[in-house]
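What the coordinates show
These are the residues of each chain, in order.
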Amino acid sequence: MASADVTGPRPTLRVVADKHALARAAAEAVVQHARDAIARRGRFLWVLSGGSTPAALYALLASEAWAGQVDWLKVHVFWGDERCVPPDDAASNCRMARSALLDHVPIPASQIHRMRGEDDPTHAAAAYETLLRSLTGSTLPPRFDLVLLGMGADGHTASLFPNTAAIRERQRFAVAHQIAADSPWRITLTPLVFNAAAAILLLVSGADKAAALQRVLEGPLQPDVLPAQVIAPRAGSLQWLVDRAAAGAVGSRQ
Ligand code: 6PG
């Protein structure tokens, strides 16, 4: 498994049967990370992912069987990326997380730190950077307890898309960019922030991701082409949690 120069534990790959098992395994991981962080530091700083894969995880965590396993009063949520649309837009990552999870658990509104997709993208990215810098009061990126990410069929993660400058950003913690003329601008955290995390959980589901996952995990290190390869926490854990359909091509190439 390709990885940059990191001192943390080597990335791990866990393959589960299907998307339902993926949601359960991810929920177990979130609960465990939350308990550990709250026990150690009195709060859990969690970066949420957008896209569709985490929706089942969020809904599970909001369910009666799971919601009581997290002390939501001590949870702070952030986003790894957001589409530059109003918060009630169907494309909003914040809207998805609210409808699946946040509106159903007692997390204080002041602890939901959304990216303001309705504002000018560059200003919204700068405002989010200011928020992140306020967490540490220094020039260092915040060390999130858990970062949840997904991966697209082109190997992108968060809104780090192939051949975008954000992949190699070394100063800013959040940037705004437009991926294609016909798509909304996006705000994304940069690898500086992701790779400062204590733990990263990267969820991948579905056969349409199989080719990209095999290249990301077993192919040459080329993060400009496969941005998910830039995810390499310097002193934290990275777990790839994937279903069997997504893992179909892993280990198949000699
Ligand atoms: C987004 C996500 C993005 C997502 C992948 C996978 O805003 O869309 O941040 O990186 O995680 O595109 O999306 P799916 O889970 O829908 O396959």
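Numbering of residues starts from 1 in every chain and runs along the sequence as written. Given that this is a predicted model, residues contribute local features only at a pLDDT of at least 70 and side-chain atom pairs are listed and counted only at 80 or more, while totals for whole chains, interfaces and linings are drawn from all residues. Side-chain measures were taken over the full set of non-hydrogen atoms in the model, leaving aside hydrogen atoms and water.

1. What to know about the overall build of the protein chain
Here a helix means four or more residues in a row that DSSP labels H or I, a strand means two or more in a row labelled E, and each is numbered from the N terminus. Counting its secondary structure elements, the protein chain contains seven helices and nine strands. With the C-alpha coordinates of the protein chain rotated into their principal frame, the extents come out at 50 × 40 × 35 Å. Relative accessibility under 20% of the residue-type maximum defines a buried residue, over 50% an exposed one, and the middle range a partly exposed one, all with a 1.4 Å probe and only protein chains included. Put simply, the protein chain has 254 residues, and 53% of those count as buried. Contacts are assigned to residue pairs with any non-hydrogen atoms lying within 4.5 Å of each other. Taking as baseline every contact in the protein chain between residues at least 6 positions apart, the subset at least 24 positions apart corresponds to 76%. Looking at the protein chain as shown, the accessible area adds up to about 11000 Å², and 52% of this sits on carbon and sulfur atoms. Where accessible areas are quoted, they stem from the Shrake-Rupley method and a 1.4 Å probe; at the residue level, only the protein chains shown are allowed to cover.

2. Regarding the pattern of salt bridges
Salt bridge, as applied in this entry: a Lys or Arg side-chain nitrogen positioned within 4 Å of an Asp or Glu carboxyl oxygen. Across all of its chains, the model carries ten salt bridges by this definition. Note that Arg116 is salt-bridged to Glu118, the shortest N-O span being 3.2 Å. Look at Arg116 and you get partly exposed, because its relative accessible area is 39%. Classification of Glu118 as partly exposed rests on a relative accessible area of 32%. Here Arg168 ties to Asp224 by a salt bridge, and the two come within 2.6 Å at their closest N and O atoms. With Arg168 in the loop between strand 5 (146-150) and strand 6 (174-178) and Asp224 in the loop between helix 7 (210-218) and strand 9 (237-243), the pair connects residues that are 56 residues apart, well separated along the chain. We classify Arg168 as exposed; its relative accessible area is 53%. Overlapping salt bridges bring together Arg114, Arg116, Glu118 and Asp119 as one network.

3. Describing the site of the ligand
Distances are taken per atom, and a residue is near a molecule or strand as soon as one of its heavy atoms is within 4 Å of it. By nearness alone, 16 residues border the ligand, and Ser52, Thr53, His156, Ala158 and Lys209 come closest of all. By the criterion applied in these results, polar contacts are pairs of N or O atoms within 3.5 Å in which, for protein atoms, one can donate a hydrogen and the other can accept it, and in which residues neighboring in sequence qualify only through two side-chain atoms. Thr53 is positioned such that a nitrogen or oxygen atom in its side chain is 2.6 Å from an oxygen atom of the ligand. Against a free-state accessible area of 420 Å², the protein chains account for coverage of 87% of the ligand. Classification used: nonpolar for Ala, Val, Leu, Ile, Met, Phe, Trp, Tyr, Cys and Pro, charged for Asp, Glu, Lys and Arg, polar for all others including Gly. A per-class count over the shell around the ligand returns two nonpolar, ten polar and four charged.

4. Some words on the packing of helix 2 (residues 53-62) against helix 4 (residues 93-100)
Their axes nearest at 8 Å, the elements helix 2 and helix 4 cross at an angle of 35 degrees. Contact with helix 2, carried on its side by Pro54, Ala55, Tyr58, Ala59 and Ala62, involves Met96, Ala97 and Ala100 of helix 4 and no other residues of that element. Considered class by class, the residues forming the contact of helix 2 with helix 4 number eight nonpolar, no polar and no charged. Inter-axis angles, ranging from 0 to 180 degrees, are taken between N-to-C directions of lines fitted to C-alpha atoms, where helices are fitted over the stretch in contact.

5. Considering helix 7
Since the α-helix advances by 3.6 residues per turn, residues separated by three or four positions end up pointing in the same direction. Taken together, the buried positions of helix 7 are occupied by Ala210, Ala212, Leu213, Gln214, Val216 and Leu217. In this structure, the buried side of helix 7 is in contact with strand 1 (12-16), strand 8 (199-204) and strand 9.

6. Focus on the pairing of strand 8
Extensive coverage of strand 8 is indicated by the burial of six of its six residues. Residues Ala199, Leu201 and Leu203 line one face of strand 8 and the alternating positions Ile200, Leu202 and Val204 line the opposite face, and both faces are buried. Direction of pairing for strand 5 relative to strand 8: parallel, over a ladder of four bridges. Counted as the bridge partner of Leu149 is Leu202 from strand 8. As paired strands, strand 8 and strand 9 are joined by six bridges and run parallel to one another. Paired with Leu202 across the strands is Trp240, a residue of strand 9. Looking down the strands as they point away from you, a crossover is right-handed if its path from the first strand over the helix to the second goes clockwise. Assessed by its sense of winding, the connection that carries the chain from strand 8 through helix 7 to strand 9 is right-handed. Following DSSP output, two strands are said to pair if at least two bridges run between them.

7. Focus on the pairing of strand 3 (residues 75-79)
The element strand 3 is largely enclosed, with a buried count of five among its five residues. What you see with strand 3 is no split at all: Val75, Val77 and Trp79 on one side and His76 and Phe78 on the other are buried throughout.

8. Some points on unusual backbone geometry
Of note, the phi angle at Ala158 is positive, near 50 degrees, even though the residue is not glycine. As for its placement among the helices and strands, Ala158 is situated in the loop between strand 5 and strand 6. For Ala158, a relative accessible area of 12% translates into the label buried. Although it is not a glycine, Asn163 sits at a positive phi angle of roughly 60 degrees. Secondary-structure assignment places Asn163 in the loop between strand 5 and strand 6. Residue Asn163 is classed as exposed on the basis of its relative accessible area of 64%.

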